[in-house]
Each structure stands twice: as C-alpha cells, then as structure tokens.
Amino acid sequence: MEIKDLYDIFQKYPHVTTDTRNIQKGDLFFALKGPNFNGNNFADLAIADGAAYCILDEKPATENEKFIVVENVLETLQQLAKYHRETFEIPFIAITGSNGKTTTKELTHSVLSQKYITYFTQGNLNNHIGIPITILSIKKDAEMAIIEMGANHQKEIEGYCKYVKPTIGIITNCGKAHLEGFGGIDGVRKGKGELFDYIRENGGAIFAYDDYDYFHTMSHDISEIHWYGSQNGEVVGQVVSSDPFLDVKIGIEDEGGIDVKTSLVGSYNLPNVLCATAVGNYFEVSKEQIVKALESYQPTNSRSQLIQYKDGSKVILDAYNANPTSMSLAIENFAKIQGDKKILMIGGMMELGETSIQEHENILALIRKYNWKSVVLVGGDFGKINIEPFLFFSNSQDAKEWLSKQDIHNTEILIKGSNSMKMNLIVN
C-alpha cells in the first residue's frame, strides 16, 4: 500500500497507537516489534478491542480485511508522519539538548499557547517511535508545533529531521550525557548539532544561548540566529533568587523588562526560561502573556519539583534523568539553598562508557566540598569506588527504607538520579 493511500485511511481514523493495552475504538494499530516483543502477534486482539485497521509487517495467521501488511511497520509509521507533516505550513519548533529540553519544551508551549493553538510532545515521547506519533497527533487547527528530540548517538537527530522538517531549531546545551553512545563530549556536540545542520541546509531559524561559547561555533553560516543569555542577546536575564524557587529579571529587546517568579527549583533553569521568553517574543506574544505563562507553569514528572510536607521537610525531586552536567548543577544549587539539615540522595549515572568511574568520582569530590547532614549514594558505579564516609545502597528501595527510619523534620532533601535508578520511589 502506498503512503498516500494509508494517509487517506488515517484521515478517516486519525488516532494512532502501538500498544493494544490502550486501544480505543477506531484506532490505527501499528504492530511494532523489538528484541522482546512483537506487535504482529496481537493483531487479532487489536481488532477485537476496536482497532479500525492493523498495520503489520508479518503475514498474519488469519485473514482479515482490516489487516494492512507493509514491508516495515516502524518505517511506515515514520513515512506516514512525514506525509502528515508536509500538509502543514506552520512553524515546527524542534528542541534537543543534553539537559533541560523537556522543561524548555513545556515552558515554550506554555508561552506560545497564550496566543496560538499549539501542539507539543507529550511526556517523554521524544524518540523514533514517540516523535512520529506526536506528529500524527497534530490536528488541522494547529498554528504551532513543538517537537522534542532525544538522542543517545550520532545520526539520530539527523534521522528525526527527515520527517519533522523543523523550521526552528533549539539546542538547550551540550553536556556530559550519553557519552558512551556519542563517543565523548565532541560527539555530543556533533550529534546534537545535526539539528543546526538541518536548519543550515534547509533554511529556518535557531535560538541559542549566548553564554555557551560552543554555540557560536556550532551555529556558523546559519543565516537567522536569535541569541538569548545572561549578558547578551535579544532576551537577557539574571537570577534574582533561587531559594528554592527561581525568580528572574528579564530584559526583552524593544519590549522593556519583566520580573518572573517561577515554580521551578534551581538557577540552572535560567536558560530554559530565557529560551521560552525569546521564542515568545519572536512570535509576538505580549510580555504580559509571557509572564503569565512562565509563572503558571508547574513542573511535573520528577523534574525540578519541590514537595513540601507538613512536618517542615522539603524534597527537591529531580529524578527523571542524571548525567555529570545536570548532577553537578543540582548539587551546587542545593548547596546554596538555606538550611542546616540537608540530605543528599544521589543515584548512579548511566551511559557514560569508559569515563563512568571518573565521572562518579568527580561527583563525589564535589559533594565533599560541602557540609551535609547525610549523603546517600544509590546503585550504579558508586558501588565500585570508595565513597567513605557516605552511605551506599544498591537500590532505591533500600534507600527509601533507610530514610523512613530517620528524623527528617525541618529537613531539606535532594533526590537526584537517572530514571533507571527509580529514585522517585523514595518519595512514593
């Protein structure tokens, strides 16, 4: 079946799913497969649960007019997303980066949706499956689209751009994340820079943080660049306070200054706030609407969340991801927050390759610079190095049991770690 013909079916049944557990009547079920699953085996179940059609890449055991057999289901899903994308003539904003891309996406959506009908990546659907599903969820009334792109190796962003076709590119930063897959920090910049490469070759604009020198190199020969930063740019801002919530004073070129009191924890969120402001200013969202959007945003999903308890204890939960860059920033920010009963609960960092031991030792060296009530290290390569005098648990459940036995009245606690370490279970 040609993609155009499949798109005609999609227009009649415009909801896509890859999980039979979530099927609704009239869905198109794409039977993806991987090392440990094969969606083709669930085609009959999908139809029984209400799917309008099943797209398969293996010959089904039974015949059904609702089965559509293609050469490769994943590639077909991506091609369908590309076809749908090409029906739009609206801004498509692509956001990637080592840290802060989800927060930047959420803040930018909050700002743009003050004025425009804006579709954006839900949750963390930012990979080779989630991105095409996000594109296919965009309806004809869309005036803006924001697509988050995650990546852990080179050529991944390049592949996404083929069907996202971004008109605006944003790289939040290039830090020490997924070093194993990217092959070091230079590989991170090359891999993330594939977004700028696409804009350079196909036209469009980028937004870049002026404070990071490497963006001045990565953005060479791009004709339209909008800078934001702490000192220079179309939007300039400084941290007024971050104890614990981030308050920012922002100057907008030709628009005057604004004061923003966010619900974000951590001064490291300054570039994210400035980026959303810069994008909003570019698309002529008023400064009053920008302030409203930034101040009303509430972080969720274990990202820079502050949880306050009746006993006076406070938990900063930042346990969705962790790499040497984000971990250092979180610890340094926590050290600056007022309080004399601070507990650090830090999970191991993943995908660092041959640098992993050294990076974990670097985090330990940073922790030792400050005074803490307790330091708890959980799993990963923390178990392979000398962590004295700190505590070590192999998993978050054991760490949770330790915490439950402590007197934490009027205590500040930072919980930080990679999602795979399940540090959020300590709070749950």
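Residues numbered from 1 in each chain as written. Predicted model: local features only at pLDDT ≥ 70, side-chain atom pairs only at ≥ 80, totals over all residues. Heavy atoms only, no water.

Take the environment of Arg200 next. On the secondary structure map, Arg200 appears in helix α9 (residues 194–202). For Arg200, a relative accessible area of 24% corresponds to the partly exposed category. Put simply, Arg200 and Glu224 are 24 residues apart on the chain and 9.2 Å apart in space, counted from C-alpha to C-alpha. A distance of 2.8 Å separates a polar side-chain atom of Arg200 from the backbone oxygen of His220. (Helix = DSSP H or I, 4+ residues; strand = E, 2+ residues; numbered from the N terminus. Buried < 20%, exposed > 50% of the residue type's maximum accessible area, 1.4 Å probe, protein only. Polar contact = N/O pair within 3.5 Å; in protein donor to acceptor, adjacent residues only side chain to side chain.)

Bringing the packing of aromatic side chains into the picture now. Using the criterion set out here, one finds 16 aromatic pairs in the structure. Ring centres of Tyr13 and Tyr53 lie 6.0 Å apart, and the angle between their planes is 65°; on these two criteria the pair is classed as edge-to-face. Of the two residues, Tyr13 sits in the loop between α1 (3–12) and β1 (16–17) while Tyr53 sits in strand β5 (residues 53–56), which places them 40 residues apart along the sequence. You can call Tyr13 partly exposed: its relative accessible area is 31%. Between the aromatic rings of Tyr212 and Tyr214, the centroid separation amounts to 5.5 Å while the plane-to-plane angle is 10°, which identifies the pairing as stacked. Judged by its relative accessible area of 25%, Tyr212 falls in the partly exposed class. In textbook terms, an aromatic cluster arises when at least three aromatic residues are bridged by ring pairs, as seen for Phe196, Tyr209, Tyr212, Tyr214, Phe215 and Tyr228. A cation over a ring is seen here: Lys140 above Phe88, with NZ or CZ 5.0 Å from the ring centre. (Phe/Tyr/Trp six-rings, centres within 6.5 Å; stacked < 30°, edge-to-face > 60°. Lys NZ or Arg CZ within 6 Å of the ring centre and 35° of its normal.)

Attention shifts here to the UniProt feature "domain: Mur ligase C-terminal" (unreviewed entry) in the protein. Residues annotated by UniProt as "domain: Mur ligase C-terminal" (unreviewed entry) correspond here to residues 303–381. Regarding residues 303–381, the helix share stands at 32% and the strand share at 25%, and the terminal C-alpha atoms are separated by 23 Å. (UniProt positions renumbered as here; feature names shortened; annotations may be inferred.)

Moving on: the pairing of strand β18 (residues 342–347). Of all 6 residues in β18, 6 are buried, a share of seventy percent or more. Burial along β18 is two-sided: Lys342, Leu344 and Ile346 and Ile343, Met345 and Gly347, pointing in opposite directions, are all buried. By the bridge criterion, 5 bridges tie β18 to strand β21 (residues 412–416) in an arrangement that is parallel. Bridge pairing in β21 links Lys342 to Glu412. Taken together, the 5 bridges between β18 and strand β19 (residues 374–378) define a ladder with parallel strand orientation. Each bridged residue has a counterpart across the sheet, and for Ile343 the counterpart in β19 is Ser374. On the question of chirality, the crossover connecting β18 to the parallel β19 by way of helix α14 (residues 356–367) is right-handed. (Pairing = 2+ DSSP bridges. Right-handed = clockwise from strand over helix to strand, strands pointing away.)

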